[in-house]
Amino acid sequence: MAEVLLQRKFQVRGLDFDKAGDTSAEVKAILTDVGLDPDVVLRAGVISFEAEMNVVMYAVRATLILTLTEEALSIVVDDEGPGIPDIEMAMQEGYSTASDEMREMGFGYGMGLPNIKKNSDEFVLESQIGRGTRLCSMIELDSR
Ligand SMILES: Nc1ncnc2c1ncn2[C@@H]1O[C@H](COP(=O)(O)OP(=O)(O)O)[C@@H](O)[C@H]1O
Ligand SMILES: [Mg+2]
């Protein structure tokens, strides 16, 4: 097992549009601070922002755990919420169940999950209806 260099846990609240984006901003700041490659920070920013927005829009609450080792950066978001009935459909580009109100705020393009996957080297999405959703994303780091 690779040694953990940094681990941080954040709470994200559903429907809290005022604080939406705060967690991913903090994630980016922390990763910039420790001197990670800007490309990795950018990818982690997309992953954490899109996952955070999905919690804000669709779930009740979640924890986001950021873990950095020499080899990889992992972002795990575990939420309590309605779950995702059809993960394959949710992963399709353009698929969204966002409300008109959310669309008016500029969300709901249905690109969040596809973009999380694109920016991840490993990606796992699991869900239990009526319980919640767990998203695991990993970015490999080149160890020199
Ligand atoms: N954490 C979640 N809990 C419940 N449903 C979710 C969650 N994340 C995503 N979804 C579902 O998957 C769909 C696609 O998500 P995404 O690709 O991020 O697009 P968008 O957020 O623009 O709708 C959402 O519209 C929603 O129906
Ligand atoms: Mg989304």
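Note that the coordinates shown come from a computational prediction; the quantities given were computed from them, not determined experimentally.

Overview of the overall build of the protein
Now for step 1: Tallying secondary structure elements over the protein gives 5 helices and 5 strands in all.
Now for step 2: Moving toward the C terminus, one meets the helices and strands of the protein in the order β-α-α-β-β-α-α-α-β-β.
Now for step 3: Taking 2.2 N^0.38 as the reference for a compact globule, 144 residues should give roughly 15 Å; the C-alpha atoms of the protein span a radius of gyration of 15 Å, in line with that estimate.
Now for step 4: By its C-alpha atoms, the protein is 45 × 30 × 25 Å across when sized along the principal axes.
Now for step 5: The buried share of the protein, taken over its 144 residues, is 46%.
Now for step 6: Carbon and sulfur atoms make up 49% of the accessible area of the protein, which totals about 8400 Å².

What to know about the packing of aromatic side chains
Now for step 1: On inspection of all chains with the given rule, the structure shows 1 aromatic pair.
Now for step 2: The interplanar angle of 35° and the centroid separation of 6.3 Å between the aromatic rings of Phe-17 and Phe-107 together place this pair among those described as tilted. With a gap of 90 residues between them, Phe-17 in the loop between strand S1 (4–13) and helix H1 (22–33) and Phe-107 in the loop between helix H4 (100–104) and helix H5 (112–118) connect regions that are remote in the sequence.
Now for step 3: In this structure Phe-17 comes out as partly exposed when scored by relative accessible area, which is 24%.
Now for step 4: With relative accessibility at 22%, the residue Phe-107 sits in the partly exposed group.

Description of the site of ligand 1
Now for step 1: For ligand 1, the set of nearby residues contains 18 residues, the closest of which are Tyr-58, Asp-79, Ser-96, Thr-97 and Gly-110.
Now for step 2: Tyr-58 places a polar side-chain atom, nitrogen or oxygen, 2.6 Å from an oxygen atom of ligand 1.
Now for step 3: With respect to ligand 1, the backbone of Leu-113 contributes an N or O atom lying 2.9 Å from an oxygen atom.
Now for step 4: Its free accessible area being 540 Å², ligand 1 has 93% of it covered by the protein chains.

A few points about the pairing of strand S5 (residues 132–140)
Now for step 1: Among the 9 residues in S5, 7 count as buried, and that is most of the element.
Now for step 2: Judged from the 7 bridges that link them, strand S3 (residues 72–80) and S5 form a sheet pairing that is antiparallel. Paired with Val-77 across the bridge in S5 is Leu-135.
Now for step 3: Note that strand S4 (residues 122–128) and S5 share 7 bridges and pair antiparallel. Bridged to Glu-122 within S5 is Met-138.
Now for step 4: What sits between the antiparallel neighbours S4 and S5 is a turn of 3 residues, in which Gly-130 has the positive phi angle 80°.

Side note on the nonpolar core
Now for step 1: Formed by 35 residues in total, the largest nonpolar core has its most connected members in Leu-31, Leu-36, Leu-66, Leu-73, Val-77 and Leu-135.
Now for step 2: Put simply, the parts of the chain that give this core at least two residues each are S1, H1, helix H2 (38–58), strand S2 (61–69), S3, H5, S4 and S5.
Now for step 3: Broken down by element, this core gets its largest block of residues, 9 residues, from H2.

Re the pairing of S2
Now for step 1: Of all 9 residues making up S2, 7 are buried, and the element is well covered by its neighbours.
Now for step 2: Bridge analysis of S1 against S2 gives 9 bridges, and the strand direction is antiparallel. Following the sheet pairing, Lys-9 is matched in S2 by Ile-65.
Now for step 3: In this structure, S2 lies alongside S3, joined through 8 bridges in antiparallel fashion. Residue pairing in the sheet places Ala-62 in a bridge with Asp-79 of S3.
Now for step 4: The turn joining S2 and S3, which pair antiparallel and follow one another in sequence, is formed by 2 residues.

Rules used in this analysis
Residues numbered from 1 in each chain as written. Chains lettered and ligands numbered in written order. Predicted model: local features only at pLDDT ≥ 70, side-chain atom pairs only at ≥ 80, totals over all residues. Heavy atoms only, no water. Helix = DSSP H or I, 4+ residues; strand = E, 2+ residues; numbered from the N terminus. Rg over C-alpha atoms; globule rule 2.2 N^0.38 Å. Buried < 20%, exposed > 50% of the residue type's maximum accessible area, 1.4 Å probe, protein only. Areas by Shrake-Rupley, 256 points an atom, 1.4 Å probe, with all protein chains shown as cover. Phe/Tyr/Trp six-rings, centres within 6.5 Å; stacked < 30°, edge-to-face > 60°. Near = heavy atom within 4 Å. Polar contact = N/O pair within 3.5 Å; in protein donor to acceptor, adjacent residues only side chain to side chain. Pairing = 2+ DSSP bridges. Core = buried A, V, L, I, M, F, W, Y, C linked by side-chain atoms within 4.5 Å.

Purely geometric numbers; function is a separate question.
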